[in-house]
Every structure is written in structure tokens, then in C-alpha cells.
Amino acid sequence: MTRLRKMMLEELQRRNYSDSTVRVYLATIRDFSRHFGQPPDQLGAEHIRQFQVYLLKEKKLAVASVKQRASALRFFFVKTLRRPYMLEQIPYPKVPRRLPNILSEAEVARLIDSASNLLHRAMLMTLYSTGIRRAEMCRLKVSDVDSKRMILHIREGKGGRDRDVPLSATLLETLREYWRWMKPKTYLFPGTVKNWRADVPITDKIPWYACQEAAQRAGIDKHVTPHMLRHSYATHLLEAGADLRTIQILLGHAKLEHTVVYLHLSQRHLRTVKNPLESLQVSPPDGVKRSRKLQKR
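Quick caveat, the model's predicted, so the values are computed rather than measured.

**Looking at the side chain of His120**
Considering the arrangement of structural elements, one finds His120 in helix α6 (residues 118-130). Within the structure, the side chain of His120 is placed 3.4 Å from the side chain of Glu213, a separation counted as a polar contact. Those residues within four positions of His120 in sequence are excluded, and the remaining contacts are Ala115, Ile206, Ala210 and Glu213.

Written out as C-alpha cells, the structure reads:
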């Protein structure tokens, strides 16, 4: 481990950054240094500009991914190297605000029924029934399932926050059948070591594969991901009458503004809004003069 890497790691650790953030930040500075073939502390503002353009235009990373790498560069130069003046030289790219895609309730049912095995079915039902994030689900332990209180404990979610979500009776029935088959010890969804089942967390690629495979078997053309099930869960809760504050707590959102997006996806809320055009007294369109069609000479 180089001196700079050790310095940055210690700065991240003493601020208690999550393991995933530490990995991404360290990998970003490594890639930044390799891109120019020089130690990162010898690179400056022009190198940063070129690197960000490279990530966006040549590597074609998502804007959110480039923003995360900008955060890593800011941390390295401002916190590790103590160069606060570099902050202005590392801009965040503007992230477009797009509405997430969701599945209908019928599509979710088809997806679950199309799971290739009981492990995949249990994961898909857990993702949809609790709105849990993929990484959070991979770390679930058997002890987090509280069948007496019908609660699922989610430990150290995004931002290091714990939260409890209701445990569906339908999900509990499936988890019990799954437990009798898999017999997990510590982790609810155990992974493998050298292709043998072991008492370690499952890799976060497995839920992604489970969604893709089930969607293909169900004939769903949408690009189904674990996070799409989270969006679907929140939207269906809203359509069923849950308030935004409750959904915010269940999803573990730090700010209510992150939850408001589901208002745009809820058909129940969109249908209750009266279009102002309906209040106007306008003449029917059949008596309106038609313009001549332009024809090529």
C-alpha cells in the first residue's frame, strides 16, 4: 500500500465511510493516476478536467457514476491533500431528473411466479414486499426476521441507518419454506465459496440475475432490476393510500424530497387531478377551419 493510499484510507475510516464508498473512492484515485501514468498528488486541475471528460464522453459512464467519482476526487484533493482551493476545479455534472420505471401489480405477480427456484423466489418477494435495497438484502441475517412482531429489521442501511419494515404474512410463509430447504445459519441468503454454499453474504449480482431471468421467463420486456422492485413497492403503497412520510420511513430516505417522485408515478394521484382544459367552454373541433396541406412542388 502506497503512502497516499494509506493516507486516504485513514481519512475515510476516521470519518466512518461505508465499505462500498471506501472501495469506490480508492478505485477512482487509482484509475485517475493510471490514466495519466503519474502519482495522483502530482496531477492538477487540467488533468481533472480531462479525466471527467474522458469518463463522460469516451467511457460513457452514467452521469450519477461520474458525480460519485467527482466526490472521490474532491475528497482526495481537499481532505487528504489539504488543498481546499481545488474544490472549484472539480465540478459535479448535472444529473438529469428522470422518472423511474415501475412494474404493475400484475407484472410483479408474473415475475415472482416465474422465478427459476425457491431462492430466487424468496429474494424477489423480499425485494418487493419490503422495498429493501439490493445491498441491504444481501446482508440480511436470519435473526433479522422477527415473526412474533411481524417485523423485518434492516441493519446499517444507506447512511448507516437502521430501520424496521412490516413483514408480510405471505412473505413469511415463503421464507419458512425456504428456510426448511436452505437451512441458512447466519445470513438469510448465504453465498458461496469456491462454488460451495457457505455462511457468507450472497453477492449482490445474484438478485440482479434473479430479476433478469424471471423477467425473461415471464415475458416482461422492461429492464427489470432489484431497484425497480423497490420503486414499484413504493408506488403501489402510495396508490393503496399510504402517506409520503410513512413511505419515506419504510424506504429509509434521508429527505422527503427523494420520496415525492412517487407522486409522479401513482396513477391514483394523477387521475384525481382535474385538467384545467376540462373547465373551459370551447367549441367542438369539427367546425374549425382546416389549413392547406403543404405539398412538394
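**Digging into the pairing of strand β3 (residues 163-166)**
The side-chain alternation of β3 yields one buried face, formed by Arg163 and Val165, and one unburied face, formed by Asp164 and Pro166. In the sheet, strand β2 (residues 151-154) pairs with β3 via four bridges, with the strands oriented antiparallel. For His153, the partnering residue across the bridge sits in β3 and is Asp164.

**Re the packing of α6 against helix α10 (residues 226-239)**
Between α6 and α10, the shortest axis-to-axis distance is 7 Å and the interhelical angle comes to 40 degrees. Comparing the axis directions of α6 and α10 gives the class oblique. Our pair here, α6 against α10, has a crossing hand that is right-handed. Across the interface between the two elements, Leu124, Leu127, Tyr128, Ser129 and Thr130 from α6 touch Pro226, Leu229, Ser232, Tyr233 and His236 from α10. Split into classes, the residues belonging to the contact of α6 with α10 amount to six nonpolar, four polar and no charged.

**Focus on a nonpolar patch on the surface**
Side chains of Leu277, Leu280 and Val282 sit close together on the surface and give an oily, nonpolar patch of about 310 Å² of accessible area. On the secondary structure map, Leu280 appears in the segment after α12 (267-272).

**With respect to the nonpolar core**
Nonpolar side chains tend to gather and get buried jointly when the protein is soluble and globular. In this structure, Leu103, Leu111, Leu124, Phe189, Val224 and Leu229 are the most contacted members of the largest nonpolar core, which totals 46 residues. Looking at this core, the elements with two or more residues in it are α5 (105-113), α6, α7 (134-138), β2, α8 (169-182), α9 (205-218), α10 and α11 (244-251). Among the elements that line this core, the one with the most residues is α6, at seven residues. Apart from the residues within four sequence positions on either side, Leu103 is in contact with Val108, Leu111, Ile220, Lys222, Val224, Met228, Leu229, Ser232 and His236. Ile29, Phe36, Ala70 and Phe75 belong to the second-largest nonpolar core, a separate cluster that totals 24 residues.

**Digging into the pattern of salt bridges**
Across all of its chains, the model carries 13 salt bridges by this definition. One salt bridge connects Asp31 with Arg30, and the closest N-O pair in it is separated by 3.2 Å. Among the residues examined, Arg30 registers a relative accessible area of 38% and is labelled partly exposed. In this structure, the salt-bridge partner of Arg180 is Glu177, at a minimum N-O distance of 2.8 Å. Of this pair, Arg180 and Glu177 both sit in helix α8, three residues apart, roughly one helical turn.

What counts, and where the lines are drawn
Every chain's residues receive numbers from 1 upward, in the order its sequence appears when written. The predicted origin of the model limits local features to residues at a pLDDT of at least 70 and limits the giving and counting of side-chain atom pairs to 80 or more, whereas totals for whole chains, interfaces and linings rest on all residues. Each side-chain value is worked out from all heavy atoms of the structure, with water and hydrogens disregarded. Numbering goes from the N terminus for both helices and strands, where a helix is a DSSP run of H or I of at least four residues and a strand is a run of E of at least two. Identification of polar contacts relies on pairs of N or O atoms within 3.5 Å, with a donor-acceptor requirement for protein atoms, meaning one able to donate a hydrogen and the other able to accept it, and with residues adjacent in sequence counted only if both atoms are side-chain atoms. In this analysis, two residues are considered to be in contact whenever any of their non-hydrogen atoms come within 4.5 Å of each other. Burial classes: relative accessible area under 20% of the type maximum marks a residue as buried, over 50% as exposed, and values in between as partly exposed (1.4 Å probe, protein chains only). Pairing between two strands is assigned when DSSP locates at least 2 bridges connecting them. Lines fitted to C-alpha atoms define the axes here, with helix axes fitted over just the stretch in contact, and angles between the N-to-C directions of these axes take values from 0 to 180 degrees. Oblique is the label for any angle not covered by the other classes, which are roughly parallel (under 35 degrees), roughly antiparallel (over 145) and roughly perpendicular (65 to 115). What makes a crossing left-handed is the near helix being turned counterclockwise from the far one by less than a right angle; a clockwise turn instead makes it right-handed. When residues are grouped by polarity, Ala, Val, Leu, Ile, Met, Phe, Trp, Tyr, Cys and Pro land in nonpolar, Asp, Glu, Lys and Arg in charged, and all others, Gly among them, in polar. Like charges within 9 Å and nonpolar side chains (Val, Leu, Ile, Met, Phe, Trp, Tyr) within 5 Å are joined into patches, using only residues over 30% in relative accessible area that form no salt bridge. Areas reported as accessible are Shrake-Rupley estimates using a 1.4 Å probe. Residue values count occlusion only from the protein chains shown. Only one rule defines a salt bridge in this text: a Lys or Arg side-chain nitrogen within 4 Å of an Asp or Glu carboxyl oxygen. In these notes, a set of buried Ala, Val, Leu, Ile, Met, Phe, Trp, Tyr and Cys residues joined through side-chain atoms within 4.5 Å is what counts as a nonpolar core.

Interpretation in functional terms is not warranted from these geometric data alone.
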